[in-house]
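What follows is the residue order along each chain.
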Protein chains: 2
Amino acid sequence: MAENTSWKAEIIAVGTELLMGEVINSNAAYLSQELAAIGIDVFYHTSVGDNPQRIKGLFQQAFRRSNLILVTGGLGPTDDDLTVSTLAELLDTPLAEDEGSVEKIKAFFITRDMPMSSTNLKQALRPVDGEPILNRMGTAPGLYWDITHKVGAEREVEGPCLLLAFPGVPREMKAMWTEEALPRILAQQPDKRILVTRFLKFTGIGESLLGEKLRDLMAQSSPTVSPYVGQAEVKIRIAAKAETREAAYQLITPTETEILSRVGQYCFGKDEETLEEVVANLLRAKKLQLAVAESCTGGLVSSRLTDISGSSDYTFLNMVTYSNAAKTSQLGVPEATLATHGAVSEAVAKAMAEGILEKSQADVGLSITGIAGPTGGTDAKPVGLVYIGLAQAGKETLAKKVLVNPRYDRKYIKYWFSQYALHYLRLWLLGLLDADKH
Amino acid sequence: MAENTSWKAEIIAVGTELLMGEVINSNAAYLSQELAAIGIDVFYHTSVGDNPQRIKGLFQQAFRRSNLILVTGGLGPTDDDLTVSTLAELLDTPLAEDEGSVEKIKAFFITRDMPMSSTNLKQALRPVDGEPILNRMGTAPGLYWDITHKVGAEREVEGPCLLLAFPGVPREMKAMWTEEALPRILAQQPDKRILVTRFLKFTGIGESLLGEKLRDLMAQSSPTVSPYVGQAEVKIRIAAKAETREAAYQLITPTETEILSRVGQYCFGKDEETLEEVVANLLRAKKLQLAVAESCTGGLVSSRLTDISGSSDYTFLNMVTYSNAAKTSQLGVPEATLATHGAVSEAVAKAMAEGILEKSQADVGLSITGIAGPTGGTDAKPVGLVYIGLAQAGKETLAKKVLVNPRYDRKYIKYWFSQYALHYLRLWLLGLLDADKH
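All figures in this text were calculated on a predicted structure; none of them were measured in a lab. (Residues numbered from 1 in each chain as written. Chains lettered and ligands numbered in written order. Predicted model: local features only at pLDDT ≥ 70, side-chain atom pairs only at ≥ 80, totals over all residues. Heavy atoms only, no water.)

In terms of helices and strands, chain A carries 15 helices and 17 strands. Relative to a compact globule of 438 residues, whose C-alpha radius of gyration would be 22 Å, chain A shows 29 Å and is clearly more extended. Projected onto its principal axes, the C-alpha positions of chain A cover 85 × 55 × 40 Å. Every one of the 438 residues in chain A was classed for burial, and the buried ones make up 57%. Split by element, the accessible area of chain A, about 17,700 Å² in all, is 51% carbon and sulfur. Here chain A contributes 45 positive and 53 negative side-chain charges, whose respective centroids are spaced 5 Å apart. (Helix = DSSP H or I, 4+ residues; strand = E, 2+ residues; numbered from the N terminus. Rg over C-alpha atoms; globule rule 2.2 N^0.38 Å. Buried < 20%, exposed > 50% of the residue type's maximum accessible area, 1.4 Å probe, protein only. Areas by Shrake-Rupley, 256 points an atom, 1.4 Å probe, with all protein chains shown as cover. Lys, Arg positive; Asp, Glu negative; His and termini not counted. Charge placed at Lys NZ, Arg CZ, Asp CG, Glu CD.)

Turning next to the pattern of salt bridges. All names here are of chain A. Under the definition given, this model contains 38 salt bridges over all chains. Here D313 and R284 are joined by a salt bridge, their closest N and O atoms 2.8 Å apart. Separated by 29 residues along the polypeptide, D313 in the loop between α11 (300-305) and β14 (317-321) and R284 in helix α10 (residues 275-285) bring together distant segments of the chain. Bridged by salt links that share partners, the residues R198, E256, K270 and D271 form one connected network. (Salt bridge = Lys/Arg side-chain N within 4 Å of Asp/Glu carboxyl O.)

Turning our attention to empty space enclosed by the protein. Overall, the coordinates contain 2 cavities of 30 Å³ or more when judged by the stated rule. Approximately 140 Å³ is the volume found for the largest cavity. Surrounding the largest cavity, 17 residues form its lining, N25(A), A28(A), S47(A), N25(B) and S47(B) being those nearest its centre. When contributions to the lining of the largest cavity are tallied by element, the ones reaching two or more residues are α2 (26-37) and β2 (41-48) of chain A together with α2 (26-37) and β2 (41-48) of chain B. In terms of residues, the lining of the largest cavity owes the most to one element, β2(B), which gives 3 residues. Classifying every residue of the lining of the largest cavity by side-chain character gives 10 nonpolar, 7 polar and no charged. T46(A), L58(A), Q61(A), R65(A), T46(B), L58(B), Q61(B) and R65(B) together form the lining of the second largest cavity. (1 Å grid on protein atoms, 1.4 Å probe; cavity = no way out; pocket = protein on both sides within 12 Å on 5 of 7 lines; lining within 4 Å. Points joined across faces, edges and corners; volume = space filled by probe spheres on them. Nonpolar A, V, L, I, M, F, W, Y, C, P; charged D, E, K, R; others polar.)

What describes a pair of aromatic rings is the distance from one ring centre to the other and the angle between the planes of the rings. On inspection of all chains with the given rule, the structure shows 14 aromatic pairs over all chains. A centroid spacing of 4.9 Å and a plane angle of 70° characterise the contact between Y408(A) and Y412(A), whose relative ring orientation is edge-to-face. Both residues of the pair, Y408(A) and Y412(A), count as buried. Residues Y412(A) and W416(A) carry aromatic rings whose centres are separated by 6.2 Å and whose planes lie at 75° to one another, so their mutual orientation is edge-to-face. Of this pair, Y412(A) and W416(A) both sit in helix α15 (residues 410-429), separated by 4 residues, roughly a single helical turn. The exposure class assigned to Y412(A) is buried, which follows from its relative accessible area of 6%. Here W416(A) falls in the buried class, since its relative accessible area comes to 16%. Every member of this aromatic cluster is reached through a ring pair, and the members are Y408(A), Y412(A), W416(A), Y420(A) and Y424(A). If you follow K235(A) out to its NZ or CZ, it ends over the ring of F199(A), 5.3 Å from the centre. We note R184(B) situated over the ring of Y144(B); from NZ or CZ to the ring centre the distance is 4.9 Å. (Phe/Tyr/Trp six-rings, centres within 6.5 Å; stacked < 30°, edge-to-face > 60°. Lys NZ or Arg CZ within 6 Å of the ring centre and 35° of its normal.)

This next bit is on the side chain of H45(A). Mapped onto the elements, H45(A) comes out in strand β2. Using a relative accessible area of 7% as the deciding quantity, one classes H45(A) as buried. Among the polar contacts listed, one links the side chain of H45(A) to the side chain of S32(A), at a separation of 2.7 Å. Excluding residues within four positions of it along the chain, H45(A) makes contact with I11(A), A28(A), A29(A), S32(A), L18(B), L19(B), H45(B), T46(B) and S47(B). (Polar contact = N/O pair within 3.5 Å; in protein donor to acceptor, adjacent residues only side chain to side chain. Contact = heavy atoms within 4.5 Å.)

This paragraph deals with the domain arrangement of chain A. Residues and elements named next belong to chain A. Looking at the assigned domains, one finds that chain A contains domain 1 (3-188), domain 2 (195-270) and domain 3 (275-437). When each unit is reduced to the centre of its C-alpha atoms, the spacing between domain 2 and domain 3 is 30 Å. Across the boundary between the two partners, domain 2 contributes 10 residues, which contact 9 residues of domain 3. Summed over both partners, the interface of domain 2 with domain 3 comes to about 830 Å²; 56% of that surface belongs to carbon and sulfur atoms. When the buried surface of domain 2 facing domain 3 is broken down by residue, Q231, A232 and F268 rank first, second and third, together holding 60% of it. In this structure, the connection of domain 2 to domain 3 is made through 0 salt bridges. At the junction of domain 2 with domain 3, the criterion picks out 4 residue pairs in polar contact (both at pLDDT 80 or more). Tallied by class, the residues present in the side of domain 2 that touches domain 3 amount to 3 nonpolar, 6 polar and 1 charged. (Domains from an automatic or database assignment. Buried area = accessible area lost by both parts, 1.4 Å probe.)

Another aspect to go through is the sheet that holds strand β11 (residues 234-242) of chain A. All names here are of chain A. One open sheet holds the 4 strands; their spatial order is β10-β11-β9-β12, and the pairing between them is antiparallel. Each of the sheet's edge strands pairs with one partner strand only, and the pair in question is β10 (224-229) and β12 (267-270). Strand-to-strand twist of the sheet, defined as the mean angle between neighbouring strand axes without regard to direction, takes the value 25°. As defined by bridge partners, strand β9 (residues 194-202) adjoins β11 across 9 bridges and the pair is classed as antiparallel. What sits directly across from F202, in β11, is V234. (Pairing = 2+ DSSP bridges. Axes fitted to C-alpha atoms, helices over the stretch in contact; angles between N-to-C directions.)

Looking at the second largest pocket, its volume works out to about 560 Å³. E17(A), G73(A), P167(A), G168(A) and V169(A) are, among the 31 residues lining the second largest pocket, the residues nearest its centre.

This brings us to the interface of chain A and chain B. For interface size, the figure often reported is the accessible area lost on association. Taken together, the contact pairs 74 residues of chain A with 72 residues of chain B. When chain A packs against chain B, the two sides together hide about 5,900 Å² of surface, and 54% of this comes from carbon and sulfur. Across the contact surface, chain A and chain B share 34 residue pairs in polar contact (both at pLDDT 80 or more). It is β2(A) that contributes the most residues to the side of chain A that touches chain B, 7 residues altogether. Across the side of chain A that touches chain B, the residue classes break down as 31 nonpolar, 31 polar and 12 charged. Of the pairings in the sheet, the one linking β14(A) to strand β14 (residues 317-321) of chain B comprises 5 bridges and is antiparallel in character. In the sheet register, L317(A) faces β14(B), and the bridge partner there is T321(B).

Another aspect to go through is the nonpolar core. Counting residues in hydrophobic clusters, the biggest one holds 51 residues, and the most contacted among them are L366(A), I368(A) and L429(A). For this core, the secondary-structure elements that each account for two or more residues are α10, β13 (290-294), α11, β15 (364-370), β16 (385-392), β17 (398-403) and α15 of chain A. Among the elements that make up this core, the one with the highest residue count is α15(A) (13 residues). With sequence-adjacent residues up to four places away left out, L366(A) is seen in contact with L290(A), A291(A), V292(A), A293(A), V301(A), I356(A), I388(A), G389(A), L390(A), A421(A) and L425(A). L282(B), L385(B), Y420(B) and L429(B) belong to the second-largest nonpolar core, a separate cluster that totals 47 residues. (Core = buried A, V, L, I, M, F, W, Y, C linked by side-chain atoms within 4.5 Å.)

Looking now at the side chain of N318(A). Within the secondary structure, N318(A) sits in strand β14. You can call N318(A) buried: its relative accessible area is 3%. Separated by 2.9 Å, the side chains of N318(A) and S302(A) make a polar contact. With near-sequence residues (within four places) excluded, N318(A) lies in contact with L290(A), A291(A), V292(A), S302(A), M319(B) and V320(B).

Written out as structure tokens, the structure is:
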């Protein structure tokens with residue numbers, strides 16, 4: 001089915017609390033993902049306050065340009081809940097009390113032994129030719145309304161105009177979407193193709209260099225290839241539309257293979273995988289126990305590695321040796337080494353990795369020593385400088401030096417340090433980081 | 001100054017990833033809060049994809065109806081970053097390379113020892129009569145552009161038209177907003193009334209109980225009082241608008257005092273203060289050194305305490321004794337105690353706190369042992385159970401038992417555990433948690 005026969009959709013959120021910044025509009029992202037998954041393109045998200053004039057203006061614009069209009073919010077019982085009354089006025093349609101909704105609203109309050117306010121029954125009003133969407137979790141029913149023959153001829157799109165309205169409470173909206181709205185839309189929409197996405201996740205390479213190496217792929221249209229900057233990592237998204245999930249993966253796979261052949265050494269995982277999870281799985285697969293000695297990261301690397309359920313498989317003792325004295329007394333870092341090279345140095349990183357390895361009797365020792373700032377930096381050793389040490393029986397101990405943007409705040413610099421520590425640990429476990437190779 | 005002379009603002013987010021639901025538009029909420037705080041009303045949030053036609057249509061609409069247009073996203077180095085080029089075309093203004101931005105982009109890559117791509121310099125292009133907004137944290141400068149004399153006469157609003165563009169990365173956008181954009185806007189905007197907010201932050205009390213105790217205050221209109229649920233904490237927001245900051249605080253202070261008189265014992269801090277910061281300040285004020293022994297939290301408590309700059313004042317050695325063997329060998333927890341009571345017990349929490357105190361020679365020992373799940377729980381010791389131990393010379397060692405909602409995910413349970421550890425440490429340091437008082 002050709003691209004241009006698929007529906008154009010937009011999502012409108014109604015509520016002054018959104019424009020005050022008191023609520024983040026997560027509904028739009030949820031509904032967009034849902035629509036993307038069934039091949040419907042979303043062209044706009046808009047949020048508007050509880051103001052009849054502005055709500056009307058937005059709806060009129062939506063009638064002209066969209067086949068599917070999803071509205072969240074403005075269905076509550078109070079006077080500033082305007083979605084249904086405004087729509088009815090705009091489309092010159094009388095409102096009627098929906099008997100089924102009246103019963104459900106009354107039952108809702110009885111079940112919970114709560115007093116009902118008379119305004120609650122306002123929620124049972126809907127346009128005479130609209131259909132209610134059942135709300136199992138709250139009192140506001142939704143609205144499913146085919147307004148194709150009401151929106152006039154002067155439109156920018158061909159095809160139908162369907163309007164669906166949901167409460168703004170995410171839990172209620174999601175249940176109503178899944179159980180009631182999605183099946184009706186699936187039955188009606190013309191494009192039966194589905195969208196499949198694959199994320200490849202990278203560390204140790206910046207967004208622009210990655211973009212340069214993949215420029216030709218990013219110009220192609222099926223599958224599409226696009227970069228996303230994450231928390232101390234970059235993601236490449238590969239997406240394709242096809243009749244079936246299998247057919248979509250057949251479109252994605254050659255591009256994925258090509259990307260990995262070019263920049264695979266920087267790719268640590270796919271889709272929802274985290275770096276700590278990938279490292280944890282490597283440790284488990286190789287039946288290795290890890291011990292971590294941290295200075296500047298203060299326990300963050302250890303904490304990330306224990307975010308994984310079952311981390312006792314590879315963790316039994318980690319240390320935060322923040323002071324020089326602790327590095328010496330706990331890890332046996334020689335005072336002379338500290339005095340000669342300073343705590344943030346290749347020599348100390350190596351001594352810490354070897355020290356925690358010996359103390360813990362683990363299989364692999366990892367150390368981190370650096371300057372997280374904002375104070376403590378010098379010209380020779382600026383904020384953002386970190387050394388990552390790695391030690392293992394039978395291998396030459398190694399320390400990698402990294403410079404992180406000193407303008408980041410302390411917390412984010414710590415996170416970057418932890419990211420590099422896990423990045424190099426991953427390469428080490430894969431045998432890609434032996435001393436003689438670098 | 002009357003309300004109707006104040007500026008009308010709107011916020012536009014550019015990026016197909018928003019319409020795919022892959023990114024939630026938290027920038028709009030942040031900027032809305034910021035604008036609300038200086039008395040500027042926001043009338044629309046809109047998100048649009050990387051499509052020149054639709055971006056143009058939105059901008060034209062914004063020129064007609066808004067005095068202040070804030071744009072996030074679309075400033076990156078790749079071909080689908082369209083914000084600046086589209087604006088320049090629409091307003092018939094040539095682009096020029098900004099020398100300062102070129103230097104900053106080059107320096108950014110040199111500092112980090114990363115290869116620069118030629119497309120990075122695209123980010124230095126801006127309309128000849130626009131001004132750059134410095135981006136300390138990334139390569140994309142923002143744009144501050146007074147377009148009042150370019151947008152034509154047929155507008156729905158009176159007054160100026162200012163356009164500001166920011167990168168979509170929240171961290172970069174927020175720093176640019178605070179440091180560069182906000183001061184310029186404050187100097188220009190007509191409504192000089194300002195909104196002042198005060199946040200009081202609570203742990204150890206739930207939102208509903210807090211709401212019950214403050215119900216009458218939450219019904220008042222100036223200042224307004226409203227609850228926000230945060231990350232393992234509850235915030236109460238007190239807000240008032242007045243001509244001056246001082247006048248607003250005069251409205252706020254009596255309500256703040258009243259709230260503290262009712263539930264002050266649960267309030268750990270104000271506004272941006274974090275619990276770790278409050279604890280750090282207490283340790284510094286009392287010149288105490290702390291040592292932490294963690295089991296289930298895996299280093300998270302230690303990491304949070306070292307998020308504070310200058311944490312070497314109170315930190316020199318923390319340990320993650322994840323296994324029973326490590327608890328025994330490193331902290332001297334008797335094997336018999338572990339066998340009799342189990343690792344998650346009051347006895348072991350106390351022994352860990354005393355063990356780390358002795359080993360480190362610190363002034364205060366803090367320990368955490370619990371079950372973060374999702375596996376490892378039993379009927380007697382369910383997921384979500386944690387013991388917090390506290391030891392100090394001259395005081396009786398103490399352990400507090402807490403049950404956290406077992407339905408939270410492992411990472412959030414760890415965070416709750418760390419929050420309770422810091423909560424009880426704070427009470428301990430204040431002398432409110434001695435064994436004989438509980």
